[in-house]
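Architecture at a glance
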Amino acid sequence: MPGIGRCFCTGQIDTAGFAARIGAFQASLALPEQCLGGDDREPDAMNRLIRCFSRLLALCAWLLAGQALADAGNAVVTITEGPAQILRGVNRSPAAVGVRMRAGDILMVDAAGFLRIETDDGLRVDLGPGARALWLPKPSPNAAQRLLYLQSGLIKVSSPIPRGATPSAFSTPMVDVDQATVVVLAQEAEKLWVFAETGGVKGHERAAAPGGEASLSLKPGECLSRAGDKKTAPSPRPPPEFISRLPRPFLDTLPARYAELAKRDTVLKPGPAVAYEDIQGWLQAEPALRRDLMSRWRPRARDAAFKAALVANMNRHPEWERVLFPERFRPQSAAGQQPVSPARSSQ
C-alpha cells in the first residue's frame, strides 16, 4: 500500500487517516459477520474460518511492516556541503538541512559535495563526493529491509551501540554489508574498498565483485581492496590510494545534530523533472532495481527527449520496449500467431 508506506516513512502519522485506512482494510477482508455467518454444520464453515484467520494474519503482518518502516523512516538531512540533490518521484531538488528522508529517495552528491543523514536512534550516514544512493530500497521477497543501495561513490555508516531499530545493512553492486559498527566504503566502476574503521565487518561479495562471489569478514582496522579479477587478503590498514579519496568530514568527528533539526521538518521544494542523464545509472542498473524503479519514471516517457534516450539505449533496459511500443506485444489478427518484437524477429 504505497500511501501507507509514504505516511510511515515521513515519521509523521495521521492517526485519523490511518484509522480510516484500517477500517477500509477490515471491510475489504469481510471480517467477523461474513466470515463467521452461517450454520457451523455447513460443509464450508471451516473453510470460512480458515479464510478469516488468514486475513487477520495478513492484517497483522501489514501493521507490523508499516511499523518497521516507521521505525526506519525517522531520518533527517543534518549537514550539506557543496551541491547535493534528492530525487523524489520524477523531480530532483536541492538537498536541504532538515529535510526528512522517504523510502525510495535517491541521493546525488556532487564531486565536491558532502551530505549527512541522521536517524532518531543514533545512526549516521555520510555520503561523500560522487555518491549515488537509493534510500530504503524495496526489499526482495523474504529479505530484510536494507538501509540503502549505494550505486557509486563514498559512504560512511556509523551505527549506534546498542543498535536501534533503523537497519544498518546496505548493498552496492559488488558487496552486501550485513554487520558493521563504523564502516567506510568506496564503490567505483571496477574498484571497491571496504574499511572497518571501528569494529568488524561481515557481509558478502556479490557476483559483480572482481573475482566473483565470496564471504566478507574484516577485523577492526582492516581494509578490503578489490580491482581486476583476483581475490587478495585484506590489508591491516587502508592503503594511501583509498585514504586520499576521503573528504575531510570523513576524517573528523562531527557532533550529532538530529535533536536540533528533527523539529524543523524542512519541505523539499520540487525541482525540475529528471532527464535521462540524471537517472541513467539507475535505468541501467541490475534488473531487480530497474523493475522496482520503472513505475515511478514511466510518466517521463511522455517527454520526447527522455523517450528518444530510452529508445537509443533500449538494449540496456529492454523492459521499456513494452511500455514505449505496446502495439508490438498485442495479439496478431491471425489465429494462433504470437506477437513478435522487432528486436527478437531480427535475430
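Up top is the structure these notes are about.
Residues numbered from 1 in each chain as written. Predicted model: local features only at pLDDT ≥ 70, side-chain atom pairs only at ≥ 80, totals over all residues. Heavy atoms only, no water.

Quick look at the pairing of strand β11 (residues 191–205) now. Sheet faces and side chains relate simply in a regular strand, where the side chains alternate between the two faces. Bridging between strand β10 (residues 175–187) and β11 involves eleven bridges; their strand directions are antiparallel. If you follow Val177 over to β11, its bridge partner there is Gly203. Across five bridges, β11 lies against strand β13 (residues 223–227) in antiparallel orientation. Among the inter-strand pairings, Phe195 is bridged to a residue of β13, identified as Cys223. (Pairing = 2+ DSSP bridges. Helix = DSSP H or I, 4+ residues; strand = E, 2+ residues; numbered from the N terminus.)

Our focus in this paragraph is the environment of Pro255. With respect to the secondary-structure elements, Pro255 resides in the loop between α6 (248–251) and α7 (258–261). When sequence neighbours within four positions are dropped, the list of residues in contact with Pro255 reads Arg116 and Glu118. (Contact = heavy atoms within 4.5 Å.)

In this section: the nonpolar core. Ranked by size, the top nonpolar core spans 39 residues in total, and within it Leu127 and Trp135 carry the most contacts. Here this core takes five residues from β10, the largest share from any one element. Apart from the residues lying within four places of it in its own chain, the contact partners of Leu127 are Leu107, Val109, Gly113, Phe114, Leu115, Ala133, Leu150, Leu154, Ile155 and Phe250. Tyr276, Trp282, Leu283 and Trp320 belong to the second-largest nonpolar core, a separate cluster that totals 23 residues. (Core = buried A, V, L, I, M, F, W, Y, C linked by side-chain atoms within 4.5 Å. Buried < 20%, exposed > 50% of the residue type's maximum accessible area, 1.4 Å probe, protein only.)

Following Ile161, the chain continues into Pro162 via a peptide bond in cis, with omega recorded as 0°. Looking at the secondary structure, you find Pro162 in the loop between β8 (148–158) and β9 (170–171). You will see that Asn142, though not glycine, has its phi angle at about 65°, which is positive. For Asn142, the location among the structural elements is in the loop between β7 (132–135) and β8. Although it is not a glycine, Asp265 sits at a positive phi angle of roughly 50°. Relative to the assigned elements, Asp265 resides in the loop between α7 and α8 (276–283).

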